[in-house]
Amino acid sequence: MNPGSGSAQATSLRSHRAGSLRREHAGTAVRLAGWVHRVRDLGGVIFMDLRDREGLVQLSLDPKWTSREVLERAGRVAQESVILVQGTVELRPETARDSALASRDVEVRVTGLEVVGPAQVPAIPVARKEGEELPAEELRLKHRILDLRRSELQQNLILRHRLLQRARRTLTGLGFLEIETPILTKPTPEGARDYLVPSRVHPGEFYALPQSPQIYKQLLMVAGFDRYFQIARCFRDEDLRADRQPEFTQIDLEASFVNEEDVQSCIEAVLVALWDEAGETVTPPFPRLRYREAMERYGIDKPDLRYRFELQDLSGHLRGDAAEFVTGAVAAGGRLRGILATGLGGASRKDLDQLAAVAKGARASGLIWARRTEAGWEGQGVKAFGAEGLATVTAAPGDLLLAAVGPDSVTGPALHAVRMQLVRRPEVTPSTRHAFCWIVDFPLFEQDPGSGAWVFVHHPFTAPHREDLNRLESDPWNCRALHYDAVYNGNELGSGSIRITNPEVQQTVFRLLGVAAEEVRRRFGFLLDGLAAGAPPHGGFALGFDRITMLLAGAQSLRDVIAFPKTTAARALFEGAPTRVKEEDLKALHLKVVE
């Protein structure tokens, strides 16, 4: 039973929740309240399904126990109207029990009914027949309150509540204090655009909505609070995807006198608790993969470890009979990398064409393939790879070799995309349901593919790896970071790091990124002053709570676990935001819209 269900929520208008009624309630007089889900008028006898957040129960209105006045009133009730009901719970005949209802064993014989919230014909259906498709998502978002009446979304949001409370209890038990940080804050660069808020009382000046509580939680460590957490609302003005929203929730924490393993241990405790709350059992500690190892074996830094088919470097197998485009790409500094898909040699030509299209969609020039048969290798890859080179590849009849050639920045993403297409095949089964891992030893800096400028991989407050600190000045672009990501079934759940606590090192990082000293002082002076006041070693983490809820609910989109989400165009269709404002309101904020 969900928290707060059943008679525990009795009020003067309601004694029980409708969906909580069971066999043990038979013979009980009840007062119920909820929405009319369905109505069936059988010529004098009326059946209704009454719905609340606990589920459905059947109401039975019969002249044997229901007055004419109540029957007439019930006959006029529109679907989705809100009603109050009095009656008695009775067992339903075995042959009349509805397996779709949790309350299938009982019905309520109605003696009183009052309509307290009459409804118009709903713009989208709430009650759907089995197998009936949902309306278009845009229409559902426009009529979100009706969409939120669906059992699936209500259960998602109930799960979200339970997960939040479990996270709070777990972190409190680990000695963390829940502390709120400002929502109106100072613009700082954290990888995406800030949402800016104009100040009415300070003309020409702006607050920013926080992309994360990063600097504040570090200052809380400097202030001596030792362990902090927050269910933090964060805002990023960036392009959206199915797993992104402009405003989102994260479980944010920071701790003093810790190393990366200490922080990871706390996060593992939270994740184990959350999965347990959802009825799943997972066991720490989670395996650790170095960033370069993950990129080499899987082509991505958030690998799905439930499946086999790792990437291999095949360049060493090339011989003199390989195609010129292959040898030329390798000579130019690229590699021939591939996947030996054991047991998938029976893939059709259509399947292979689809895999090639996936590789090309990830910027590869094409996909080389060859299948191993009893007689040897066959396929277009024999000419590209070369028969002599293929002869050195260990494979069994029925195996399929898929390869791409070029720089790692091309072959890694392409082969990752091919791998994820392979694991969707029905004959490929996962080795486990839950595959967590930590990705560690990220680079500290990377080159922006557009501008070529060096930028921080995660954020500029991440400490350089202890072994690389002495070459931060001489060889900064090859330094590693004390950064770590938590990955689950190919999904990044969150990121964290050990922080820079030495103000001189922090200023060096800013200088390497090309931020002028006066700009550093203007934007980050309060952080540098805090660090100079005596900062303990500290580190933290932020878990993407919306994404975790989506995964545990089995939902397809973050929008299915957020009460009032935005579209991929960052619009709130239900309330119609964003919207234009009156010119006098802009004037009060010292703003003017330039068309």
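Just so you know, the residues in each chain are numbered from 1, in the order the chain's sequence is written. Thresholds applied to this predicted model are a pLDDT of at least 70 for local features of residues and 80 or more for the giving and counting of side-chain atom pairs; totals over whole chains, interfaces and linings are not thresholded and use all residues. Remark: hydrogens and water are excluded; side-chain values derive from all non-hydrogen atoms of the structure.

## Considerations on the overall build of the chain
Reasoning step 1: We count a stretch as a helix when DSSP gives it H or I for four or more residues in a row; a strand needs E for two or more, and each element gets its number in order from the N terminus. Along the backbone of the chain there are 16 helices and 22 strands.
Reasoning step 2: The principal-axis extents of the C-alpha atoms in the chain amount to approximately 95 × 75 × 55 Å.
Reasoning step 3: The buried share of the chain, taken over its 595 residues, is 48%.
Reasoning step 4: Two residues qualify as a contact provided that any one of their heavy atoms is within 4.5 Å of a heavy atom in the partner residue. Residue pairs in contact within the chain that sit at least 24 positions apart in sequence constitute 67% of those at least 6 positions apart.
Reasoning step 5: Positive charge is attributed to Lys and Arg, negative charge to Asp and Glu, and no charge count is given to His or to the chain ends. Charge positions are represented by NZ for Lys, CZ for Arg, CG for Asp and CD for Glu. Across the chain, the mean location of the 75 positive side-chain charges is 4 Å away from that of the 78 negative side-chain charges. Burial classification: accessible surface area is computed with a 1.4 Å probe over protein chains only, and a residue below 20% of its type maximum counts as buried, one above 50% as exposed, and the rest as partly exposed.

## Structural notes on the packing of aromatic side chains
Reasoning step 1: Centre distance within 6.5 Å is the pairing criterion for rings of Phe, Tyr and Trp, where only the six-membered ring of Trp is used; planes under 30 degrees apart are then read as stacked, over 60 as edge-to-face, and the remainder as tilted. Overall, the coordinates contain 14 aromatic pairs when judged by the stated rule.
Reasoning step 2: Here the aromatic rings of Trp438 and Tyr484 are separated by 6.2 Å at their centres, their planes lie at 80 degrees, and the arrangement is edge-to-face. Here the residue Trp438 occupies a position in strand S17 (residues 436-440), and Tyr484 occupies one in strand S20 (residues 483-488), the gap between them amounting to 46 residues. The burial state of Trp438 is the same as that of Tyr484; both residues are buried.
Reasoning step 3: Through a chain of ring-to-ring contacts, three or more aromatic side chains come together here, namely Trp275, Phe286, Phe436 and Tyr488.
Reasoning step 4: Seen from the ring of Trp65, Arg109 lies directly overhead, with NZ or CZ sitting 4.3 Å from the centre. Geometrically, a lysine NZ or arginine CZ counts as sitting over a ring once it is within 6 Å of the ring centre and also within 35 degrees of the ring normal.

## Remarks on helix H7 (residues 291-298)
Reasoning step 1: Every buried residue of H7 is listed here: Tyr291, Ala294 and Tyr298. Buried residues of H7 fall within an arc of 65 degrees about the axis and therefore sit on the same side.
Reasoning step 2: Tucked inside the fold, the buried residues of H7 contact strand S11 (288-290), strand S12 (311-313), helix H12 (408-422) and S17.
Reasoning step 3: At the C-terminal side of H7, Gly299 shows a positive phi close to 75 degrees. The arc in question is formed by the directions pointing from the helix axis toward the C-beta atoms.

## Let's talk about the pairing of strand S14 (residues 368-373)
Reasoning step 1: Two strands qualify as a pair provided that DSSP identifies no fewer than 2 bridges between them. Sheet topology places S14 next to strand S16 (residues 400-406); four bridges connect them, and they run antiparallel. Within S16, the residue paired with Arg371 across the bridge is Leu400.
Reasoning step 2: Sheet analysis places S14 next to strand S15 (residues 376-378), joined by three bridges and oriented antiparallel. Opposite Arg371, over in S15, you have Glu378 as the bridge partner.
Reasoning step 3: Counted along the chain from S14 to the antiparallel partner S15, the turn is two residues long.

## Notes on the packing of helix H4 (residues 151-173) against helix H6 (residues 260-277)
Reasoning step 1: Where H4 contacts H6, the two axes come as close as 9 Å, and the packing angle between them is 145 degrees. Relative to H6, the crossing made by H4 is right-handed. Only Ala269, Val270, Ala273, Leu274, Asp276 and Glu277 of H6 make contact with H4, whose side of the interface consists of Arg162, Leu163, Arg166, Ala167, Arg169, Thr170 and Leu171.
Reasoning step 2: Residues are grouped as follows: Ala, Val, Leu, Ile, Met, Phe, Trp, Tyr, Cys and Pro are nonpolar; Asp, Glu, Lys and Arg are charged; all remaining types, including Gly, are polar. Looking at the contact of H4 with H6 residue by residue, the classes come out as seven nonpolar, one polar and five charged. To get an axis, fit a line to the C-alpha atoms, keeping to the stretch in contact for a helix; angles then go from 0 to 180 degrees between the N-to-C directions. By the definition used in this description, the sense in which the near helix is turned from the far one sets the handedness, with an anticlockwise turn below a right angle giving left-handed and a clockwise turn giving right-handed.

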